[in-house]
Amino acid sequence: MTKSKFRSTPLAQAVALSLAVMIPNQLFAQESEQSADEESVERIQVTGSLGSLPGQDVEAVFGFGKSILETPRSASTISDEQLERFSVTDIDELVAFAPGTFTQSFFGVAGSLDVRGTPGETYFRGVKRLDNPGNYPTPIGASSRIDIVRGPASPIYGPAKIGGYLNFNPKSARASGGQYLDNNEGAFSYTAGSWDKSVLTAEVGGPATIGGKEAGFYIYGEVENSGSYYQNSGTDQTVLQASFNVDITDNLRFEFGGMHHDYDGNQVAGWNRLSQELIDNGTYVTGTAKPLDTDGDGSISHQEYNEVRDGINPFIFNNAEFGLFPDRITNADFDPVLALDNPGTVKLRGDQVMVATDDVLENTVDTLYFDVFYYTDNGWEIKNQMFYESYENLNENAYGFSQFHDSWVFENKLVFSTEYQNDSLLAQFQLSPSIRHTDFLHGDDFTNEYFNRRDLTGPSNALDRRLLATRIGKDFDNYDIGNYTDLGFAAMTDITWEMGLNFVLGVRYDTIDVESTSRGDLLLTPGEITTVEETFDGVSWNASVSFKTEMGLIPYITAAEQATLVAGQGAEIGVGQVADGAFDTSELFEYGVKGSFIDDSLYFALSVYEQERTDFSAQAIVTNSTTENKGTELELRWVVNDNLVIGAGYTNVKVYNLTALENGNQFGFFGVEDLPNVTDASLLYGGAVIGFNLVDDKESARKAGIPENIYTLNATYDFQNGYALNASVVKADETYSGFSQVVTLPSYTLVNAGVYYEADTWSASVNVKNLTDEKYFRANFPDLFGAQIVLPELPRHFQATVNYKF
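Residues numbered from 1 in each chain as written. Predicted model: local features only at pLDDT ≥ 70, side-chain atom pairs only at ≥ 80, totals over all residues. Heavy atoms only, no water.

Caption draft 1: Looking closely at the pattern of salt bridges. Applying the stated criterion across every chain yields a total of 32 salt bridges. Residue Arg116 is joined to Glu590 by a salt bridge in which the shortest nitrogen-to-oxygen separation is 3.1 Å. With Arg116 in the loop between strand S2 (114-115) and strand S3 (118-119) and Glu590 in strand S24 (residues 583-597), the pair connects residues that are 474 residues apart, well separated along the chain. Across the pair Asp521 and Arg519 runs a salt bridge whose closest N-O atoms are separated by 2.7 Å. Owing to a relative accessible area of 38%, Asp521 belongs among the partly exposed residues under this scheme. Residue classification places Arg519 among the partly exposed positions, given a relative accessible area of 24%. One salt-bridge network, in which partners are shared between bridges, spans Arg116, Arg150, Glu590, Glu633, Glu635 and Arg637. (Salt bridge = Lys/Arg side-chain N within 4 Å of Asp/Glu carboxyl O. Helix = DSSP H or I, 4+ residues; strand = E, 2+ residues; numbered from the N terminus. Buried < 20%, exposed > 50% of the residue type's maximum accessible area, 1.4 Å probe, protein only.)

See below:
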């Protein structure tokens, strides 16, 4: 079938921001000079650490270059050495190294990290990327370092989601040291693995001359052509990165580059016809749905569905006017059109999932940046960051969901930084005006989305395949075109006294102009073309206090209020979203303690937090729901000696859906376990049983799919003869698959292990994932679809990598 994309990538539009700031030269002039070593943030260097210890300056939290140890927030950094040694390839594996990062399934696509039980943001070198809940997998294998910050972003970074964010540092960022090398350096690698995994990478960097100026460059490329454990699934992708660093003068430096990522794969909804028996024993109800394709074109149109809609969409539960409650429904209440033909049961395999042969998930994303650093003679650093990103996305699923995006963003952020120092005080200051403009085109199609019509023991066919709006150019549920521009101004200060007391304070103001147009003429229920315009504004702030004791402990307290712009899966803000309120605020209160001991070889961090979204009208169910989160996080990293490195973590989290609690109910798709008096599941799988879960108390508003307790352990042992061993363990509590809390996903212990060998110029590794072949599951959209579908996770599998360096 023909795949349609509705709009070509727009030409980058010129955005100019001219700012003049008059600051007396005498302001904050340094009263004394100290060496660079004395002025810099403390660095921790321990032999054999794999970069696991938090001594490196990290700009991704507050922007002051503080180390993770000294930052009064819960945060983690994962080095490229750790990623390579443990063969980490997608964001779902990060939970073994960073507490609070267990991520639910977004139809099998590891796009954005969940942080503290809610969807997080993704940043590229400290600038927020376009929304990516499940548009494409974030290629973390192409990163030189992963920074994970739990809780809202710094005011300098602008509006963001409450949970936290992942900061992606591309491999090409190594250009920053290229001009200091004597010769070019690089590497080739090839990775093979289970299910025809095949990944080839190449990278090179070193010194260069650009326009007669000393420079460094780094180029990285990755090509993957892999199969998949899941039927009808696979991955073809290309990642290209390039970065350049040019010293124009002693005071002026340019950093620029970009990334191109082309992805071709598919979403994986997992198993349908969900029941506790299916989870516990693999027993699956078979049978074919009644034929509805009356014109014989091989797909069921909306119009064909609507002819029998009352029959296949029979109930709205918990509607007091009609008295329809799940426990009152019996076998006799179902319309015969819902019933499956030739019902039976079979043991279902984990690879038999809801993917059709022509399902597609195609995404092309281009990212560009140009940073200018200027250092004045009177102690100021002036940094201007320009960032551009665009993506085109097409997502088609035979069971009845399709969407497309064609969106882009441009951001220019100017940061003025200086510091003042005397014998007992170091005060750092930042001022940052910024502009961020987003342009979006988005359409989606989800009416008549029926998971259970497909019998997973056979291929998708005309009995379950729906005619998709992206293939006919009409019958959309939403078709939105528009843009929004955020003008912001932020100020931050970091004040440290010699006695160990530290304050970090920040404030930001944003005003956002939104224009959105709904193409009513292209909708399933046609209407007028409607345009709305609105301006939102708000204030974000952060206040942190910490104290570095002589014994090495650093207790801290942080309170923050964070503005959030609630956009959809394609960075869109629809007409309805504008009317309901697309601008939101979140609150965080966190306290904890960090410490570094045994000659800085042992690091630990303990944090306790409570965070909450405060605006009920700005809920976007799939990307940023209204929640209250409470939890505890513990992280430990210990370089025992030159041979042994150990990491451990603990996460306790509870997430409550405040909108459901406020309304007294939560809409969702129901499964057979929601109907205690229905004894024959085959009577309802020809359609969708939908309704509202009653929410009687706070525990019944608990979000599903998130284990309350997660314990992690990772370790690597280097024999100092080229060989090393590594292993990681993740132990997770049982949890519910859906909001109605009727299907329990069992607890599990996931073990990964591997061996690594390194010689002078080459290295090789073999890693076994899920070493014990544990059977486990990941919830899939638990608030909405969790009672009908679930993702069976991968069985034991392996991957082997050979790397040559020059």
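Having put the structure on the table, let's press on.
Caption draft 2: Seen up close, the environment of Ala559. Note on placement: Ala559 falls in strand S23 (residues 553-565). In this structure, the C-alpha to C-alpha distance between Ala559 and Arg73, residues 486 residues apart in sequence, is 9.9 Å. When neighbours within four sequence positions are excluded, Ala559 is seen to be in contact with Trp541, Asn542, Ala543, Leu588 and Phe589. (Contact = heavy atoms within 4.5 Å.)

Caption draft 3: View of the nonpolar core. Ranked by internal contacts, the top residues of the largest apolar core, which has 54 residues, are Ile78, Leu94, Ile146, Tyr484 and Ile573. In terms of residue count, strand S16 (residues 360-375) provides more of this core than any other element does, three residues in total. Not counting residues within four places of it along the chain, the set of residues in contact with Ile146 comprises Ser76, Thr77, Ile78, Leu83, Leu94, Ile140, Leu166, Asn167 and Phe168. (Core = buried A, V, L, I, M, F, W, Y, C linked by side-chain atoms within 4.5 Å.)

Caption draft 4: Expanded view of the pairing of strand S26 (residues 627-639). Note: strand S25 (residues 602-613) against S26, eleven bridges, orientation antiparallel. Across the sheet, residue Glu612 finds its bridge partner in S26, namely Glu628. Relative to strand S27 (residues 644-657), S26 runs antiparallel, the two sharing 13 bridges. When the bridges of S27 are listed, Val639 appears paired with Val645. The turn linking S26 back onto S27 is made up of four residues. (Pairing = 2+ DSSP bridges.)

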